[in-house]
Amino acid sequence: MWIILSLLSGLSDATRDAISKRSTGKLPHVMISWAYSAFSLPFFLPILFFSAPSELPLEFWLTAIGIGAAHVLGGLGLVYSLSRSDLSLCVPMTAFTPVFLLVVGPLLNGYSPSTAAVTGTFFVAAGCYTLNISDIRSGLLGPLRSLASERGVRMMLVDR
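Residues numbered from 1 in each chain as written. Predicted model: local features only at pLDDT ≥ 70, side-chain atom pairs only at ≥ 80, totals over all residues. Heavy atoms only, no water.

**Here we look at the packing of helix α1 (residues 2–23) against helix α3 (residues 58–84)**
Geometrically, a packed helix pair is captured by the angle between its two axes and the distance between the axes. Two elements in contact, α1 and α3, have axes separated by 9 Å at closest approach and are oriented at 60 degrees. In terms of orientation, α1 lies oblique with respect to α3. You can see that α1 and α3 cross each other, and the crossing is right-handed. Along the contact surface, α1 presents Arg16, Asp17, Ser20 and Lys21, while α3 presents Leu78, Leu82 and Ser83. Of the residues that constitute the contact of α1 with α3, the class distribution is 2 nonpolar, 2 polar and 3 charged. (Axes fitted to C-alpha atoms, helices over the stretch in contact; angles between N-to-C directions. Helix = DSSP H or I, 4+ residues; strand = E, 2+ residues; numbered from the N terminus. Parallel < 35°, antiparallel > 145°, perpendicular 65-115°, else oblique. Left-handed = near helix turned anticlockwise from the far one by under 90°. Contact = heavy atoms within 4.5 Å. Nonpolar A, V, L, I, M, F, W, Y, C, P; charged D, E, K, R; others polar.)

In structure tokens, the structure reads:
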């Protein structure tokens, strides 16, 4: 079952990104980003009503508000990025999350990544480097400079 669910997750993410990219010229960015949550609301509201505990501590609500705000800003950043650059350059930048976690994890909680985690993260970064490998003729850092020159790509990296 997990294989089917993971494939459906990837398919739905790709569909969402393609629809968002296509809609950026026709609809306001805020409307597109709010649509992510609005379309999922009918699926999650019944679960909330039937399974939510009656009393929740203040820490829960503060965390929920913080996560909700981050989700809204992330959605806006994604739509903004997709409107500024090619889909094929923006979406792979979401794979940089493990790279940032290698830095943030040890700082926040003393997490020490394993060798396998560092190796896998290196391959993710190498894959993003190869997106513009044709620019290597302008130097070893040419592909990275090419990615950095794209406004949408820069926004995706800030969004991560």
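Back to the write-up after that little detour.
**Points about the environment of Gly10**
Structurally, Gly10 can be placed in helix α1. Under the relative-accessibility criterion, Gly10 is labelled partly exposed at 37%. Separated by 119 residues in the primary sequence, Gly10 and Tyr129 have C-alpha atoms spaced 22 Å apart. (Buried < 20%, exposed > 50% of the residue type's maximum accessible area, 1.4 Å probe, protein only.)

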